[in-house]
Amino acid sequence: MDMNSVMYQLMDMRTNGILDKIIEADKDYQEINRKSDVYSKQLDEMNLTKEIRLLIDRYVSEQNALGARYGALAYLLGFSDCVELMTKPLHLENMQKAAN
């Protein structure tokens with residue numbers, strides 16, 4: 001998908017602006033963040049070597065990037081589904097045939 005498309009621009013605006021306010025109030029997000037802080041503190045207390053900490057950091061960063069990318073793609077898919085529903089007639093029988 002074109003990164004200059006309207007959908008990408010809208011996603012960027014929504015995720016980098018409004019989403020911050022939403023996650024501040026989301027209890028599930030805050031609980032995950034709290035648990036993450038606990039694990040981070042435990043790692044700090046282990047006094048791991050610089051090399052091991054770097055490896056862990058790289059691994060966690062890549063896992064975070066995977067999750068973020070998955071979320072972005074899911075957002076784009078959901079948004080494109082909405083556009084599809086608003087711009088084209090709904091043919092339920094064709095959708096049911098495609099699902100089977």
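Look up a bit, the structure's there.
So, here is what we can say about the structure in this document. In this text the structure is predicted, and so the values were computed from the model without any measurement.

**What to know about the overall build of the protein chain**
Each helix and strand in the protein chain was counted, giving four helices and zero strands. The helix and strand sequence of the protein chain, counted from the amino end, reads α-α-α-α. When the 100 residues of the protein chain are sorted by exposure, 6% land in the buried category. Carbon and sulfur atoms make up 59% of the accessible area of the protein chain, which totals about 9,000 Å².

**Details of a nonpolar patch on the surface**
Together, Ile18, Leu19 and Ile22 give the surface a local cluster of nonpolar side chains, amounting to about 230 Å² of exposed area. Tracing the chain through its elements places Ile22 in helix H1 (residues 6-25).

**Observations concerning unusual backbone geometry**
Although it is not a glycine, Asn47 adopts a positive phi angle of roughly 50°. By secondary structure assignment, the location of Asn47 is in the loop between helix H2 (27-45) and helix H3 (50-87). Using a relative accessible area of 68% as the deciding quantity, one classes Asn47 as exposed.

**A look at the pattern of salt bridges**
For the structure shown, the criterion picks out three salt bridges. With a closest N to O distance of 2.9 Å, Arg53 and Asp44 form a salt bridge. Using a relative accessible area of 36% as the deciding quantity, one classes Arg53 as partly exposed. When its relative accessible area of 44% is taken as the criterion, Asp44 is described as partly exposed. We note a salt bridge from Lys88 to Glu84, for which the minimum N-O separation is 3.5 Å.

**What to know about the nonpolar core**
In this structure, Met7, Tyr8, Met11, Ala72 and Leu76 together form the largest nonpolar core, which totals five residues. Elements with a contribution of two residues or more to this core: H1 and H3. If one sorts the elements of this core by residue count, H1 sits on top with three residues.

What counts, and where the lines are drawn
Residues numbered from 1 in each chain as written. Predicted model: local features only at pLDDT ≥ 70, side-chain atom pairs only at ≥ 80, totals over all residues. Heavy atoms only, no water. Helix = DSSP H or I, 4+ residues; strand = E, 2+ residues; numbered from the N terminus. Buried < 20%, exposed > 50% of the residue type's maximum accessible area, 1.4 Å probe, protein only. Areas by Shrake-Rupley, 256 points an atom, 1.4 Å probe, with all protein chains shown as cover. Patch = residues over 30% accessible without salt bridge, like charges linked within 9 Å, V, L, I, M, F, W, Y side chains within 5 Å. Salt bridge = Lys/Arg side-chain N within 4 Å of Asp/Glu carboxyl O. Core = buried A, V, L, I, M, F, W, Y, C linked by side-chain atoms within 4.5 Å.

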